[in-house]
Amino acid sequence: MILAIDIGNTTVALGGIRDGRVCFVARMDTVRTRTAAEYRAEMDKIFAHRRHPERPMRFEGAVLTSVVPQITGALAECARHYTGKKPVIVSPDIRTGLTMGVDEPGSVGKDRLVDAAYAAANFPLPVVTVDLGTATTFNVVDEDRVFRGGVICPGLSTGLRALGERCAQLPQVHLGSPKSAIGTNTEKCMLSGSVMGTAVLIDGMVQRIEEELGRPATLVVTGGLAKYVTPLCRHPLTYDPELLMKGLALLYQLNAQQPQHHSAGGRHYGPQNQHGRARQRYPRKRTRCERADEARTG
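In this text the structure is predicted, and so the values were computed from the model without any measurement.

> Even after reading the chapter, I still don't get the pairing of strand S7 (residues 127-132), so can you show me in this structure?
Side chains on a regular strand alternate between the two faces of the sheet. Within S7, six of the six residues are buried, leaving the element largely enclosed by the surrounding structure. Residues of S7 alternate between two faces, with Val127, Thr129 and Asp131 on one and Val128, Val130 and Leu132 on the opposite face, all of them buried. Summarising the sheet, S7 and strand S8 (residues 135-141) pair through six bridges and their orientation is antiparallel. Looking across to S8, one finds that Val127 is bridged to Val141. In this structure, the hairpin formed by S7 and S8 is closed by a connection of two residues. Sheet analysis places S7 next to strand S10 (residues 218-222), joined by five bridges and oriented parallel. What sits directly across from Thr129, in S10, is Val220.

Here you go:
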């Protein structure tokens with residue numbers, strides 16, 4: 001199983017991925033002041049809750065993406081603790097299958113790279129991905145697998161929270177899908193503006209992107225808040241809540257170093273017997289004719 005770690009502004013998502021299938025996803029709060037030991041204690045609780053007594057959870061490697069540089073090192077240290085290996089850390093310098101066609105590749109959010117890489121490898125091109133989280137981000141990959149850039153907007157819940165905090169007469173609103181564009185009270189007006197407004201934003205931005213590309217594009221939507229918005233979108237789309245975890249698994253496959261065979265020392269990756277030890281090689285047995293020849297010449 002591969003350990004996938006997505007460090008976001010609000011939460012850190014932990015995923016277990018086996019053969020490209022997401023087995024579990026768990027989340028813990030993003031706390032910028034936590035140490036590696038504190039994060040590991042939290043992760044121990046999460047893994048203990050999911051561990052089967054007869055099938056202990058083992059990770060053969062890890063891949064990590066982060067938009068919070070302050071804690072990237074701490075979570076990378078945790079990944080090494082659970083796997084015994086240095087994790088694959090997402091950056092424009094690793095193999096993604098994409099050509100970067102932006103002004104500053106290093107400044108592109110690493111989660112955006114993950115979404116774009118997976119979508120480009122698994123959907124018809126050109127493709128647009130939209131991730132609805134703390135921020136709403138669009139990524140554009142053209143028909144030549146060139147990452148062309150995208151769009152960054154305030155997230156749906158971020159906007160609602162700002163309205164409640166900055167406007168004295170506006171309440172905090174619980175998220176849901178509005179049934180109409182015209183609200184009949186303050187909360188419904190805010191919900192329409194935020195949720196339906198995000199759906200209109202997606203439809204409108206994708207239309208503009210398609211005009212600039214000169215051809216229709218595949219639309220893939222993901223993110224924790226997408227379930228409220230996707231039913232209201234009019235552009236055909238695919239909703240994949242596991243897009244980023246699947247993308248991390250893809251990038252691990254593209255970049256993880258294969259185990260090396262060594263003649264002596266180090267970890268052995270050769271054939272294993274049923275007890276987990278390396279098979280011992282014995283000399284080939286001599287035939288009866290070979291033994292007779294040796295007796296005559298001896």
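And the narrative resumes.
> Would you mind showing me how to read helix H2 (residues 69-83) here?
Helical geometry: 3.6 residues make up each α-helical turn, so side chains three or four residues apart lie on a common side. The first and last C-alpha atoms of H2 sit 22 Å apart over 15 residues, in line with the 21 Å expected at 1.5 Å per residue. Those residues of H2 that are buried are in contact with strand S1 (2-7), strand S2 (11-18), strand S3 (21-29), helix H1 (36-50), strand S4 (61-66) and strand S5 (88-89). Count one or two residues on from H2 and you reach Gly84, which has phi positive near 75°.

> In this structure, what is going on with the sheet that holds S10? I would like to understand it.
Sheets are built from strands paired through backbone hydrogen bonds, the pairs being either parallel or antiparallel. One open sheet holds the six strands; their spatial order is S6-S9-S8-S7-S10-S11, and the pairing between them is mixed. Of all strands in the sheet, those with a lone pairing partner are strand S6 (99-100) and strand S11 (238-239), marking the two edges. As paired strands, S6 and strand S9 (residues 146-154) are joined by two bridges and run parallel to one another. Across the sheet, residue Thr99 finds its bridge partner in S9, namely Val146. Contacting S6, S7, S8, S9 and S10, helix H3 (residues 110-122) runs over the sheet at an angle of about 40° to S8. Lying on the sheet, helix H5 (residues 186-213) is in contact with S7, S8, S9 and S10; it crosses S8 at an angle near 20°.

> So what exactly am I meant to see when it comes to the packing of aromatic side chains here?
Applying the stated rule across the entire model yields three aromatic pairs. Taking the centre distance of 5.2 Å and the plane angle of 55° together, the rings of Phe47 and Phe59 count as tilted. Of this pair, Phe47 sits in helix H1 while Phe59 is found in the loop between H1 and S4, placing the two residues 12 residues apart along the sequence. Since its relative accessible area comes to 1%, Phe47 is described here as buried. Its relative accessible area of 9% is what places Phe59 among the buried residues.

> For this particular structure, what's the right way to read the sheet that holds S4?
Pairing in this open sheet of five strands is mixed, and the strands run S3-S2-S1-S4-S5 from one edge to the other. For this open sheet the edge positions go to S3 and S5, each flanked by a neighbour on one side alone. The pairing of S2 with S3 spans eight bridges and is classified as antiparallel. Bridge pairing in S3 places Thr11 opposite Asp29. Against the sheet, H1 touches S1, S2 and S3, its axis set at about 140° to S3.

Basis of the calculations
Residues numbered from 1 in each chain as written. Predicted model: local features only at pLDDT ≥ 70, side-chain atom pairs only at ≥ 80, totals over all residues. Heavy atoms only, no water. Buried < 20%, exposed > 50% of the residue type's maximum accessible area, 1.4 Å probe, protein only. Helix = DSSP H or I, 4+ residues; strand = E, 2+ residues; numbered from the N terminus. Pairing = 2+ DSSP bridges. Expected span 1.5 Å × (residues − 1). Contact = heavy atoms within 4.5 Å. Axes fitted to C-alpha atoms, helices over the stretch in contact; angles between N-to-C directions. Phe/Tyr/Trp six-rings, centres within 6.5 Å; stacked < 30°, edge-to-face > 60°.

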